[in-house]
Amino acid sequence: MVNIGIVGIGFMGRIHFLASQRVSGARVAAVCSRDMAKLAGDWTNTRGNFGPEPGRVDLTGVKAYSKFDDMLADPAIDLIDICIVTDQHAPLAIAALKAGKHVLVEKAIGLSPAEADVMLAAAKSAGKLLMVAHVLPFFPEFKYAAATIRGGQYGKLLGAHFKRIIAKPDWSADIADVAKTGGPAVDLHIHDTHFIGLICGVPQRVFSVGTVENGAVTYLTTSYLYGAGGPAVTCSSGAVCMSGRPFAHGFEIYLEKASLLYDSGGPSLTLLTADGKSEPVPLPGDGDPLSAFTDELQAAVEGVARGVAPELLSGQLARDALVLCHREIESVKSGAAVSVNG
């Protein structure tokens, strides 16, 4: 049995707690928060942009810590699940790794690539797993797309366009705070760069145009430049839409012998094939967003049991996704294409 300690009881901490109830081979053994009401089970102020309405939570049998160091000192805790604001990811993760704990940290891995590098080095030194909770590949539509591209049954990937658009959220002031989250071009868009890195690898350069508010890139459209023969991949992402359409994401993926179309606000995932057929793709699951988080946590728990980080939770993949975000921000502000590894 893997004992999980959740740090940070905000929206995402609540989602992880709820999702963990369906995970096999693990349980939430402890929670950590500076908010005494939350430690007593009052989670009414943890509202987000999906999931059940927050309320009171039964924490019977779950240890409650107001100090992170006290949780780290608990020998029963195997996996520290960090669900706190991004600017705290690096110091908390490094402390947990040095204390001999495995770590699952919510995206983004950190605020800067330099922080990510220190975290990866700390995990290697400690001989513990550093896993990053990028949930997008666990959603059925994206899972199917990745498997289809990798399977090769419809030929190679020719091109793709991704989108991820939200309104300026009234449920989180932090997303626009560059010092805390990196702003929408990191906190939101990193879902896209992670998935693009997963299916396409790291591009040579990026060229981005976008909008900047108070130093934060709030919306951007990027071309990922893979060079001659590489796929033609673009993405539009940001907190720019009016509140009448608070969230939309999706993709169009073009393979040699098929196309995949998905829009969260439209029809289900559709497969177009060379014979002219257009068919909805039957997907597993119940349509509950929590299921993707359960699958993500299940993968982390199995990684701890095996001692090997799952590919989808790879710290290196998460670090590469963060680098892409920062290069895109640089491109928006400079007006020029930027080398990814230069």
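Coordinates for the structure precede this section.
Residues numbered from 1 in each chain as written. Predicted model: local features only at pLDDT ≥ 70, side-chain atom pairs only at ≥ 80, totals over all residues. Heavy atoms only, no water.

Some details on the pattern of salt bridges
Spelled out, the test is: Put simply, a salt bridge is a Lys or Arg side-chain nitrogen that is within 4 Å of an Asp or Glu carboxyl oxygen. A run of DSSP states H or I qualifies as a helix once it reaches four residues; a run of E qualifies as a strand once it reaches two. Both are numbered from the N-terminal end.
The tally for this structure, following the rule as stated, stands at 8 salt bridges. Its salt-bridge partner being K63, residue D74 comes within 2.9 Å of it at the nearest N-O pair. With D74 in the loop between α3 (68-72) and β4 (79-82) and K63 in strand β3 (residues 63-65), this pair connects stretches of sequence that are 11 residues apart.

Some remarks on the nonpolar core
Rules: Remark: nonpolar core denotes a set of buried residues (Ala, Val, Leu, Ile, Met, Phe, Trp, Tyr, Cys) joined through side-chain atoms within 4.5 Å. Whether a residue is buried, partly exposed or exposed follows from its accessible area with a 1.4 Å probe, protein chains only, as a fraction of its type maximum: under 20%, in between, or over 50%, in that order. Pairs of residues are marked as contacts when any of their non-hydrogen atoms sit within 4.5 Å.
Counting 69 residues, the largest nonpolar core has F162, F195, F251 and I253 as its most contacted members. Here the element with the most residues in this core is helix α10 (residues 289-306); it accounts for 8 residues. Not counting chain neighbours up to four residues away, the residues in contact with F162 comprise F195, I196, I199, V233, T234, C235, S236, G250, F251 and I253. Within the second largest apolar cluster, 38 residues are counted, among which are A30, A96, I109 and I329.

Details of the packing of aromatic side chains
Put simply, the rule reads: Two rings belonging to Phe, Tyr or Trp (six-membered ring only in the last case) form a pair when the distance between their centres is within 6.5 Å. Interplanar angles under 30 degrees mark stacking, angles over 60 mark edge-to-face geometry, and anything in between is tilted.
Here the structure, examined in full by the defined rule, presents 8 aromatic pairs. An angle of 75° between the planes, with centres 5.1 Å apart, marks the rings of F17 and W43 as edge-to-face. Here F17 is found in helix α1 (residues 11-20), whereas its partner W43 is found in the loop between α2 (36-39) and β3, with 26 residues between them in sequence. Both residues of the pair, F17 and W43, count as buried. For the pair F162 and F195, a centre-to-centre distance of 5.9 Å together with 70° between the ring planes defines the contact as edge-to-face. One end of the pair, F162, is in strand β7 (residues 157-167); the other, F195, is in helix α9 (residues 190-200), and 33 residues separate them in sequence. Grouping aromatic residues by their ring pairs yields a cluster made of F142, F162, F195, F251 and Y262.

Observations regarding unusual backbone geometry
Residue A108 is bonded to the preceding K107 through a cis peptide linkage, with omega at -10°. Residue N214 is not a glycine yet carries a positive backbone phi of 55°. Mapped onto the elements of the fold, N214 is located in the loop between β8 (205-213) and β9 (216-225). The class for N214 is exposed, based on a relative accessible area of 83%.

Observations regarding the sheet that holds β9
Where we set the bar: Pairing between two strands requires that DSSP report at least two bridges joining them. Axes here refer to lines fitted to C-alpha atoms; in helices the fit is confined to the stretch in contact. Angles between the N-to-C directions go from 0 to 180 degrees.
The strand order β14-β13-β12-β11-β7-β10-β9-β8-β15 describes an open sheet built from 9 strands, whose pairing is mixed. The two strands at the open ends of the sheet, each matched to only one other strand, are β14 (278-280) and β15 (338-339). Strand direction decides the pairing type here: β7 and strand β11 (residues 247-255), joined by 9 bridges, are antiparallel. Paired with F162 across the two strands is F251, which belongs to β11. Contacts from helix α11 (residues 315-334) reach β8, β9 and β15, with the element oriented near 65° to β8.

With respect to the environment of V7
Mapping V7 onto the fold places it in strand β1 (residues 2-7). You can call V7 buried: its relative accessible area is 4%. When the C-alpha positions of V7 and R34 are compared, they lie 9.8 Å apart, and in sequence the two are 27 residues distant.

A closer look at the sheet that holds strand β5 (residues 102-106)
Taking strand neighbours across the sheet as the criterion, the 6 strands line up as β3-β2-β1-β4-β5-β6 in an open arrangement whose pairing is parallel. Two strands lie at the open edges of the sheet, namely β3 and β6 (130-133), each paired on one side alone. Adjacent strand axes in the sheet meet at a mean angle of 25° when their direction is disregarded. One ladder, built from 3 bridges, connects strand β2 (residues 26-32) with β3; its direction is parallel. By the bridge assignment, V31 is partnered in β3 with A64. On the sheet, α10 packs against β1, β2, β4, β5 and β6 and is oriented at approximately 160° with respect to β5.

What to know about the side chain of K107
Just so we agree on the cut-off: Each polar contact in these results corresponds to two N or O atoms within 3.5 Å; when the atoms are within protein, one needs to be able to donate a hydrogen and the other to accept it, and residues that are neighboring in sequence are counted only if both atoms are side-chain atoms.
Topologically, K107 is positioned in the loop between β5 and α5 (113-126). Only 2.4 Å separates the side chain of K107 from the backbone oxygen of D187, close enough to count as a polar contact. With residues near it in sequence (within four places) discarded, K107 still touches T86, H89, V132, A133, H134, D187, I190 and H191.

With respect to the pairing of strand β13 (residues 270-273)
Two elements, strand β12 (residues 258-263) and β13, share 4 bridges in a ladder whose sense is antiparallel. Opposite L261, over in β13, you have T270 as the bridge partner. As paired strands, β13 and β14 are joined by 3 bridges and run antiparallel to one another. Note that in β14 the partner of L272 across the bridge is S278. Counting the residues between successive antiparallel strands, the hairpin from β13 to β14 contains 4 residues, one of them, G276, with a positive phi of roughly 90°.

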